[in-house]
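# A closer look at the structure
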Amino acid sequence: MERDTEALWNCAHAERAALARDLASLPGEAWRGPTLCGNWNVEEVTAHLTAAASVGQWRWIRSMVLAGFRPGVHNQRRLEECLGSTPAGTLQEFRAVIGSTVAPSSHIAAYLGEVVVHAQDIRYPLHLPARPGLEALLPVAEFFAARNFTVPSRDNGAGLRLVAADAPFEVGAGPEVRGSLLGLVMCLAGRPAYLEELEGPGVALLRERITRVEN
């Protein structure tokens, strides 16, 4: 389904604002806590989201060239630019890009997906109850199921029937995986923690794929 660009950006802005509200309530030590995003802590994931909303096409190309086309090096350099001297400073930097429409390409659903997934990367270990709205999750789920971009989401869901129990989302053919739309999105993005929200005969294959990638 073709999604309106303005609507996608509005969702991204709303999800950034919701995350900023959650971050504002964190005690200082929580900013050094783990996330679902590899070795990055809460402050580093926040800075990464700031960087992602600050780098347009040409700056992204230049950064990737200087990083030797190594995305990990590019991401680390850009997030370090967006770290404040304190967690409060890092949060201030993030708040400044809440309304940003800067992105390296026209794949807005993918960049909305960055916000959705990384927000949950932060919230899950902290047991924060906020969850993205379905209006944000649906275009991300559709994009993730259709193609690989920053994550191998299409490969993770290949040969499976993905069915959301809480939204009008059904794609694919094969053993069924059913559950929350958030659970489907996060598992397509390679986050095994969200397998607990899914059920069905296809879960074992999905688990094998995303835990293998994780390791």
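Residues numbered from 1 in each chain as written. Predicted model: local features only at pLDDT ≥ 70, side-chain atom pairs only at ≥ 80, totals over all residues. Heavy atoms only, no water.

### Some points on empty space enclosed by the protein
Rules: Space inside and on the surface of the protein is sampled on a 1 Å grid over the protein atoms alone, with a cavity defined as a set of points where a 1.4 Å probe fits but cannot get out and a pocket as an open set with protein on both sides within 12 Å along at least 5 of 7 lines; lining residues have an atom within 4 Å of a point. Grid points are joined across faces, edges and corners, and a volume is the space filled by probe spheres set on the points. Per the convention used, a helix needs a DSSP run of H or I reaching at least four residues, while a strand needs a run of E reaching at least two, with both numbered from the N terminus.
On inspection of all chains with the given rule, the structure shows 1 cavity of 30 Å³ or more. Considering only enclosed or pocket space, the largest cavity measures out at about 70 Å³ in volume. Lining the largest cavity are Trp 9, Arg 16, Leu 49, Ala 52, Ala 53, Val 102, Ala 103, Tyr 111, Glu 114 and Val 115. For the lining of the largest cavity, the secondary structure elements donating two or more residues are helix H1 (5-24), helix H2 (42-52) and helix H6 (108-126).

### Considering unusual backbone geometry
What counts here: Any residue under 20% of the maximum accessible area for its type is buried, any over 50% is exposed, and the rest in between are partly exposed; the area is computed with a 1.4 Å probe on protein chains only.
For His 127, which is not a glycine, the phi torsion comes out positive at approximately 60°. Within the secondary structure, His 127 sits in the loop between H6 and helix H7 (134-146). Accessibility expressed as a relative area gives 70% for His 127, which makes it exposed.

### Re the layout of surface pockets
What counts, and what does not: The residue classification treats Ala, Val, Leu, Ile, Met, Phe, Trp, Tyr, Cys and Pro as nonpolar and Asp, Glu, Lys and Arg as charged. All others, Gly included, are polar.
The computed volume of the largest pocket comes to approximately 1,000 Å³. Lining of the largest pocket is provided by 37 residues; of these, His 48, Asn 75, Glu 114, His 118 and Thr 150 occupy positions nearest its centre. Those elements giving two or more residues to the lining of the largest pocket turn out to be H2, helix H3 (57-66), helix H4 (71-81), H6 and helix H10 (203-214). Grouping the constituent residues of the lining of the largest pocket by class yields 21 nonpolar, 12 polar and 4 charged.

### Quick look at the packing of H2 against H6
For any two helices packed against each other, the geometry comes down to the angle between their axes and how far apart the axes lie. Heads up, the rule is: Lines are fitted to the C-alpha atoms to define the axes, a helix being fitted only along its stretch in contact, and any angle between axes, read from their N-to-C directions, falls within 0 to 180 degrees. For classification purposes, angles smaller than 35 degrees are called roughly parallel, those larger than 145 roughly antiparallel, those between 65 and 115 roughly perpendicular, and all remaining angles oblique. Any two residues having at least one pair of non-hydrogen atoms within 4.5 Å are treated as being in contact.
Taken N-terminus to C-terminus, the directions of H2 and H6 make an angle of 170°; their axes are 10 Å apart at the nearest point. By the criterion of interaxial angle, the relationship of H2 to H6 is roughly antiparallel. Between H2 and H6, the contacting residues are Val 42, Val 45, Thr 46, His 48, Leu 49 and Ala 52 on the first element and Glu 114, Val 115, His 118, Ile 122 and Leu 126 on the second. Per-class residue counts for the contact of H2 with H6 are 7 nonpolar, 3 polar and 1 charged.

### Comments concerning H2
Judged by how many residues are buried, H2 sits mostly within the fold: 9 of 11 residues are covered. Each element contacted by the buried residues of H2 is listed here: H1, H4, helix H5 (87-95) and H6.

### A few points about the environment of Val 163
Relative to the elements of secondary structure, Val 163 occurs in strand S1 (residues 161-164). According to the relative accessible area criterion, Val 163 is buried, its value standing at 2%. Sequence separation between Val 163 and Ser 180 is 17 residues; the distance between their C-alpha atoms is 8.4 Å.

Any functional reading would require information that these geometric values do not contain.
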